[in-house]
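Report on the structure
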Amino acid sequence: MQDEDFLRRPAAPQPYSLTPAILYLSSDAVHATHKLLQRAGRNESCVFWYGERHGDNASVHSIRAPVQRSRRGNYHVEPESMSEMVRDLRAAWRPLAQIHSHPGVEVEHSRYDDAMVSSRRILSIVFPYYGRPIANWPSDIGVHEWQLNYWHMLSSADAMARVRLREFADVEVRDFR
Ligand SMILES: [Zn+2]
C-alpha cells in the first residue's frame with residue numbers, strides 16, 4: 001500500500017455550491033477529536049461523529065474511534081469494527097462525519113480517501129499534523145462534501161458556514177481501540 005499522499009486525484013469537475021446544511025459541534029467535541037487522533041502517535045487514524053439531524057441542521061453528540069490499523073501514511077477500518085462501534089448508538093443518532101488525520105499541513109482528500117469514506121451523506125474531514133492542535137479553525141482542516149459525483153474540499157469561507165462551533169453539553173467520547 002502506497003502512502004496516500006502519492007495518490008493524487010483529479011480536480012473538481014465543477015465548483016462546490018454551498019448548501020443550507022449546517023453541522024454544529026462544541027469546542028469540547030473538537031478537543032476530544034484532537035485527543036483521539038493523537039493517541040495514534042505519528043500515524044494516521046480516524047474518528048466518527050454521530051448526532052441528531054433536524055432538517056438542514058445537525059449537532060454532534062458522540063465522538064467514537066473504532067478499532068483500526070494506523071500507519072504513518074494511511075489507516076484502515078474493518079467492517080466488523082465499524083459494526084462494533086455503532087452497535088449501541090442511540091436511536092436518534094445518525095452518522096454525521098468521518099474524520100481522519102494526515103501527517104502534515106496537506107488536508108485534501110487523496111484517491112484513497114475518496115474510496116474510504118463510509119457514506120456520501122456525511123462530511124469527510126481531515127485534520128493536519130496527526131491531530132495535533134491547529135491555529136485556525138476551521139481553515140486549517142479539510143472539510144469535504146460529496147456533491148455531483150465529487151468529494152469537494154470546501155474553501156475556508158464555505159467550511160466556516162458549513163461546520164460551526166456552538167456550545168452545548170451532552171457529548172460522549174468513546175474509544176474502541
Ligand atoms: Zn487521507
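We now turn to the structure provided with this report. (Residues numbered from 1 in each chain as written. Predicted model: local features only at pLDDT ≥ 70, side-chain atom pairs only at ≥ 80, totals over all residues. Heavy atoms only, no water.)

Take the layout of surface pockets next. Gaps between atoms show up when a probe of the same size as a water molecule is rolled over them. Quantified by volume, the second largest pocket comes out at close to 170 Å³. Lining the second largest pocket are 14 residues, with Ala21, Arg53, Ala58, Arg121 and Arg162 sitting closest to its centre. Of all the secondary-structure elements, those providing two or more residues to the lining of the second largest pocket are strand E1 (22–25) and strand E3 (57–65). Within the lining of the second largest pocket, the residues separate by chemical class into 7 nonpolar, 2 polar and 5 charged. (1 Å grid on protein atoms, 1.4 Å probe; cavity = no way out; pocket = protein on both sides within 12 Å on 5 of 7 lines; lining within 4 Å. Points joined across faces, edges and corners; volume = space filled by probe spheres on them. Helix = DSSP H or I, 4+ residues; strand = E, 2+ residues; numbered from the N terminus. Nonpolar A, V, L, I, M, F, W, Y, C, P; charged D, E, K, R; others polar.)

Once that is clear, we can look at the pattern of salt bridges. Evaluation of the coordinates by the stated rule reveals 9 salt bridges. For Asp170, the salt bridge identified is with Arg90, shortest N-O distance 3.6 Å. Of the two residues, Asp170 is situated in the loop between strand E10 (163–165) and strand E11 (172–175) and Arg90 in the loop between helix H2 (79–86) and strand E6 (94–101); the sequence distance between them amounts to 80 residues. The shortest N-O distance in the salt bridge between Glu145 and Arg162 comes to 3.0 Å. (Salt bridge = Lys/Arg side-chain N within 4 Å of Asp/Glu carboxyl O.)

Moving on, we get to the environment of Asp56. The topology assignment puts Asp56 in the loop between strand E2 (46–54) and E3. Under the relative-accessibility criterion, Asp56 is labelled partly exposed at 45%. Here Asp56 is in contact with Pro20, Ala21 and Ile22, once residues within four sequence places are set aside. (Buried < 20%, exposed > 50% of the residue type's maximum accessible area, 1.4 Å probe, protein only. Contact = heavy atoms within 4.5 Å.)

As a further point, take the nonpolar core. If you look at the biggest cluster of nonpolar residues, it comprises 25 residues, and the most contacted ones within it are Val47, Trp49, Ile63, Ile99, Ile125 and Val143. When residues of this core are traced back to their parent elements, those giving at least two are E1, helix H1 (27–38), E2, E3, E6 and strand E7 (123–127). The element that contributes the greatest number of residues to this core is H1, accounting for 5 residues. Listed in part, the 9 residues of the second largest apolar core include Cys46, Phe48, Tyr50 and Tyr75. (Core = buried A, V, L, I, M, F, W, Y, C linked by side-chain atoms within 4.5 Å.)

With that out of the way, let us pick up H1. Its 12 residues place the ends of H1 17 Å apart at the C-alpha level, agreeing with the 16 Å of an ideal helix rising 1.5 Å per residue. Residues Ala29, Val30, Ala32, Thr33, His34, Leu36 and Leu37 constitute the buried set of H1. (Expected span 1.5 Å × (residues − 1).)

Another point: the side chain of Ser101. Topologically, Ser101 is positioned in strand E6. With a relative accessible area of 0%, Ser101 lands in the buried category. One polar contact links the side chain of Ser101 to the main-chain amide nitrogen of Ser45, over a distance of 3.0 Å. Every residue in contact with Ser101, bar those within four places of it in the chain, is listed here: Leu37, Asn43, Glu44, Ser45, Phe127, Tyr130 and Gly131. (Polar contact = N/O pair within 3.5 Å; in protein donor to acceptor, adjacent residues only side chain to side chain.)

Along the chain, His100 turns up in strand E6. Overall, the relative accessible area of 1% leaves His100 in the buried class. Separated by 3.1 Å, the side chains of His100 and His102 make a polar contact.

Right, let's get into the packing of aromatic side chains. Using the criterion set out here, one finds 2 aromatic pairs in the structure. Positioned above the aromatic ring of Trp146 is the side chain of Arg120, whose terminal nitrogen or guanidinium carbon lies 3.8 Å from the ring centre. When the ring centre of Tyr24 is taken as reference, the NZ or CZ atom of Arg166 above it lies at 3.8 Å. (Phe/Tyr/Trp six-rings, centres within 6.5 Å; stacked < 30°, edge-to-face > 60°. Lys NZ or Arg CZ within 6 Å of the ring centre and 35° of its normal.)

Moving on, we get to unusual backbone geometry. Outside of glycine, negative phi angles account for most residues, and trans bonds account for most peptide bonds. Going from Trp137 to Pro138, the amide bond is cis rather than trans, its omega being -5 degrees. Looking at the secondary structure, you find Pro138 in the loop between E7 and strand E8 (142–146). You will see that Tyr130, though not glycine, has its phi angle at about 50 degrees, which is positive. Within the secondary structure layout, Tyr130 lies in the loop between E7 and E8.

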